[in-house]
Amino acid sequence: MSATVSFSLPSAHGPRTVTMSYARVGTGEPLLLLHGIGHHRQAWDPVVHILAAEREVIAVDLPGFGESPALPDGLRHDLGTVVPTLGGLCEALEIERPHVAGNSLGGLLALELGREKLVRSVTAISPAGFWSPVERRYAFGVLLAMRQGARRLPLPVIERLSRSAAGRAALTSTIYARPGRRSPEAVVAETSRWPRPRASPTPSGPAPPSSSRTTSRGCPSPWPGAPGTGCWYAARESGPSTSFPGPGWCGCRAAVTSR
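Keep in mind it's a predicted model, so treat the numbers as computed, not measured.

(A) Here's a closer look at the packing of aromatic side chains. A complete count under the given rule lists one aromatic pair for this structure. Centre to centre, the rings of Trp-131 and Phe-140 are 6.0 Å apart; their planes meet at 50°, and the pair counts as tilted. Using a relative accessible area of 14% as the deciding quantity, one classes Phe-140 as buried.

Below is the structure:
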């Protein structure tokens, strides 16, 4: 069942209220599920019922993804902030040191939670940050292509593409290993959550906020749009262009740590 929780985090400008969306089901030792970049908690839907047979499963929308708003002003979208945010989430939900499983970006966050000893065990599936230079370039090319596609594809086109296995692969092959196995309805639900350009301003009213955004670090977020953005790269300006030295694509590697 979907719900939201709000809690306070410190910042350089005083306490800030963070709100996160999550779903909680099952009984047993708690298991926190963290999705990858550009995704949301529904990524775990195909396996949640299996996990819930033995665990209390808490699947969350990371800040700026799914139904969770972006972090408020004064809190940066980086590891140093998001890891304590997840710790604050567990405290607000009265979960003490859950098990955690994460994929891609979620895997990186899961490993950091383990490093901080905030969780009992960590399962990291293809965690971000274990890349080669070639994989790094490939990762950013894919992310930028996904961003452009998300901003340009009208929903009726998505619905038509989702009716065939090839169309579902074209839409979601960067997210799923076997996209053809997803139902058309699931693919439409997935991609309809992608951020889209807002309506053009009319002469009778003010211009709406831009659907793209530049973060406080000067990097164009790969995932612009409402309700927020999630830029997970410690970007910096490097001459006339922007470099992204932070964590990202890791290929198909996995790591598991435990207490």
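(B) Expanded view of the pattern of salt bridges. Evaluated as defined, the whole model comprises six salt bridges. Residue Glu-29 is joined to Arg-120 by a salt bridge in which the shortest nitrogen-to-oxygen separation is 3.6 Å. Here Glu-29, found in strand β3 (residues 29-34), pairs with Arg-120, found in the loop between α3 (105-115) and β6 (121-125); they are 91 residues apart in sequence, far enough to count as distant. Put simply, Arg-76 and Asp-78 hold a salt bridge, and the shortest N to O gap is 3.7 Å. Each member of the salt-bridge network shares a partner with another, and the members are Arg-41, Asp-61 and Glu-67.

(C) Seen up close, the environment of Ser-126. Residue position: Ser-126 is located in the loop between β6 and α4 (133-152). Counting along the chain gives 90 residues from Ser-126 to Gly-36, while the straight-line C-alpha distance between them is 9.6 Å.

(D) Looking closely at helix α6 (residues 165-172). Along α6, the residues that are buried comprise Gly-167, Arg-168, Leu-171 and Thr-172. The arc enclosing the buried residues of α6, seen along the axis, measures out at 110°, which places them on a common side. Away from its buried face, by an angle of more than 90 degrees, α6 presents the exposed residues Ala-166 and Ala-170.

(E) Here's a closer look at the packing of helix α2 (residues 79-92) against α3. Relative to each other, α2 and α3 sit at 75°, their axes nearing to 10 Å. Between α2 and α3, the angle is such that the two are roughly perpendicular. The residues of α3 that touch α2, namely those facing Leu-79, Val-82, Val-83 and Leu-86, are Leu-108, Leu-109, Glu-112 and Leu-113. The class makeup of the residues in the contact of α2 with α3 is seven nonpolar, no polar and one charged.

Cut-offs used in this document
- Residue indices follow the written sequence of each chain, beginning from 1 at its first position.
- It should be noted that, the model being predicted, local features are given only for residues of pLDDT at least 70 and side-chain atom pairs only at 80 or more, the latter also being counted only at that level, while totals for whole chains, interfaces and linings use all residues.
- Derived side-chain values reflect all non-hydrogen atoms in the structure, with water molecules and hydrogen atoms excluded from consideration.
- Aromatic contacts are taken between Phe, Tyr and Trp rings whose centres are within 6.5 Å, Trp giving its six-membered ring; a plane angle under 30 degrees counts as stacked, one over 60 as edge-to-face, and the others as tilted.
- Type-normalised accessible area, obtained with a 1.4 Å probe on protein chains alone, sets the label of each residue: buried when under 20%, exposed when over 50%, and partly exposed for intermediate values.
- Salt bridge, as applied in this entry: a Lys or Arg side-chain nitrogen positioned within 4 Å of an Asp or Glu carboxyl oxygen.
- Counting from the N terminus, the helices are the DSSP runs of H or I reaching at least four residues and the strands are the DSSP runs of E reaching at least two.
- This arc is built from the directions going out from the helix axis to the C-beta atoms.
- For helices, the axis comes from a line fit to the C-alpha atoms of the stretch in contact; other axes are also lines fit to C-alpha atoms, and the angle between any two N-to-C directions lies between 0 and 180 degrees.
- Angles below 35 degrees are treated as roughly parallel, those above 145 as roughly antiparallel, those between 65 and 115 as roughly perpendicular, and all remaining angles as oblique.
- Residue contacts are defined here by distance: any two heavy atoms, one from each residue, within 4.5 Å place the two residues in contact.
- Throughout, the ten residues Ala, Val, Leu, Ile, Met, Phe, Trp, Tyr, Cys and Pro are labelled nonpolar, Asp, Glu, Lys and Arg are labelled charged, and all others, Gly among them, are labelled polar.

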